[in-house]
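Report on the structure
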Amino acid sequence: MTTEIKKICEASLAEAKGILERGGAVAFPTETVYGLGADARSDEAVSAIYAIKGRPSDNPLIVHVHREYPLTELVYDERPYAAILREKFLPGPLTLVYRKKEGAVSDLVSCGLDTLAVRVPSHEGAQAFLRYTGMPIAAPSANISKHISPVSAGHVYDDLKGRIPLILEGGRCSGGIESTVCDVTGEYPVILRAGLVSREMICDAIGRCDVYVPKSGERVRSPGMKYKHYAPKCRTMLFDADKAGDAVDEFRRRSDAGERAFVLCADALKNLFPADKVLNLGRSDEEMAANLYELLHEGENAADLIIAIEPEKKDGVMAGVINRLTKACAEE
Ligand code: AMP
Ligand code: MG
């Protein structure tokens, strides 16, 4: 199969819709990362997503809809605070997990859970795609399972060429990490995956927001949390923010041994390392989130080893950045 990259326009949208109607999948841009989308109502189309990515079949998908899509066709919208969150943060990088309406989408989307994750992306190209197709679109990130998520059409192409017919091109993703996943079925919102809408932002809007921590022996509420994820193809090491000295020693040792070691760190630490070996995350939280996957992609192409140093700040958007960095550098 030939994979084409096309800018979003009337003709490419019509082509995308045709592919989806035949049960296929296409990649499209969002403000977080590129998604691999297919018709969420079709078993065949949803299975195709899992097969193309090599995604474990117990890791549920997020359904993406246009801003005017009637949510109550898909889910029970019961909690008054969920309306406040929608009003404040949508369209945008916040996924809400609701109780699912039976039969609204393929059961394969949420892998047997009685909930459904729904997202309304703000990216103009994503909105155009969702409006044009009119479908609820099941979409994980458009990469091979466990690899770094794509933030440009080129990243999608490198992973999925030959596996999908079309990548809709919409520039570099501005947000840089995936949406916050927030369960809104209970009395209070519970964050299942940290992201660009921080716990603090949700707390400010609602007054309370918990963060899910799986208890041992319990069935994990967000199955995607179990897996190694976002990983570059080269080796990685992760150092705590207060262990920058150890990272310097490690970098020297590895470089002296002839390894191509690169360092991923915040701008504040860049002077500890040779300039041409630094993957500079930047200064502000938003910059660091936006640069993370781009730099991991750059690093895996240039390095034998990425030595990453956790940013010092742990709250706000940085909770999401640190979550991705930890998973990217995890053993398995
Ligand atoms: P990805 O599509 O790779 O960004 O991953 C989607 C994330 O959303 C994973 O962490 C899933 O576990 C989570 N997710 C999707 N649907 C649900 C759901 N119904 N309940 C809880 N988590 C979900
Ligand atoms: Mg993913």
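Reading the values: the criteria
Residues numbered from 1 in each chain as written. Chains lettered and ligands numbered in written order. Predicted model: local features only at pLDDT ≥ 70, side-chain atom pairs only at ≥ 80, totals over all residues. Heavy atoms only, no water. Phe/Tyr/Trp six-rings, centres within 6.5 Å; stacked < 30°, edge-to-face > 60°. Lys NZ or Arg CZ within 6 Å of the ring centre and 35° of its normal. Core = buried A, V, L, I, M, F, W, Y, C linked by side-chain atoms within 4.5 Å. Buried < 20%, exposed > 50% of the residue type's maximum accessible area, 1.4 Å probe, protein only. Helix = DSSP H or I, 4+ residues; strand = E, 2+ residues; numbered from the N terminus. Contact = heavy atoms within 4.5 Å. Pairing = 2+ DSSP bridges. Arc of directions from axis to C-beta. Polar contact = N/O pair within 3.5 Å; in protein donor to acceptor, adjacent residues only side chain to side chain.

Concerning the packing of aromatic side chains
Going through the model one piece at a time under the given rule, you end up with three aromatic pairs. Stacked on the ring of Tyr-76, the Lys or Arg Arg-99 has its end atom at 4.7 Å from the ring centre. For the cation-ring pair, Lys-101 lies above Tyr-76, with the distance from its terminal atom to the ring centre recorded as 5.2 Å.

Concerning the nonpolar core
Ranked by internal contacts, the top residues of the largest apolar core, which has 74 residues, are Leu-74, Leu-94, Val-109, Ile-202, Leu-264, Leu-292 and Tyr-293. Looking at this core element by element, the count peaks at six residues for helix H8 (residues 285-302). In this view, Leu-292 contacts Ile-177, Leu-264, Leu-281, Val-321, Arg-324 and Leu-325; residues no more than four positions away in its chain are not counted. Counting 14 residues, the second largest nonpolar core, distinct from the first, contains Ala-16, Val-26, Phe-28 and Met-135.

What about the pairing of strand S10 (residues 180-183)?
On any regular strand, side chains alternate: one points to one face of the sheet, the next to the other face. Burial along S10 is two-sided: Thr-180 and Cys-182 and Val-181 and Asp-183, pointing in opposite directions, are all buried. Bridge analysis of strand S6 (residues 94-100) against S10 gives four bridges, and the strand direction is parallel. Bridge pairing in S10 links Val-97 to Asp-183. Bridge count between S10 and strand S11 (residues 190-193): three bridges; the pairing is antiparallel.

Considering helix H5 (residues 153-160)
Working note: α-helix, 3.6 residues per turn, so residues spaced by three or four point in the same direction. Looking only at H5, the buried set comprises Ala-153, His-155, Val-156, Asp-159 and Leu-160. The buried residues of H5 occupy an angular sector of 160° when the element is viewed end-on, so they sit on one face. Among the structural elements, strand S1 (4-7), strand S2 (26-28), strand S3 (35-39), helix H2 (43-53), strand S9 (166-169) and H8 are those in contact with the buried residues of H5. One or two steps after H5, the chain reaches Gly-162, where phi turns positive at roughly 85°.

Some remarks on the side chain of Ser-12
Structurally, Ser-12 is set in helix H1 (residues 10-21). The exposure class assigned to Ser-12 is buried, which follows from its relative accessible area of 1%. Within the structure, Ser-12 has its side chain in polar contact with the backbone nitrogen of Cys-9 (distance 2.9 Å). Leave out the neighbours within four places in its chain, and Ser-12 touches Lys-6, Lys-7, Leu-166 and Leu-168.

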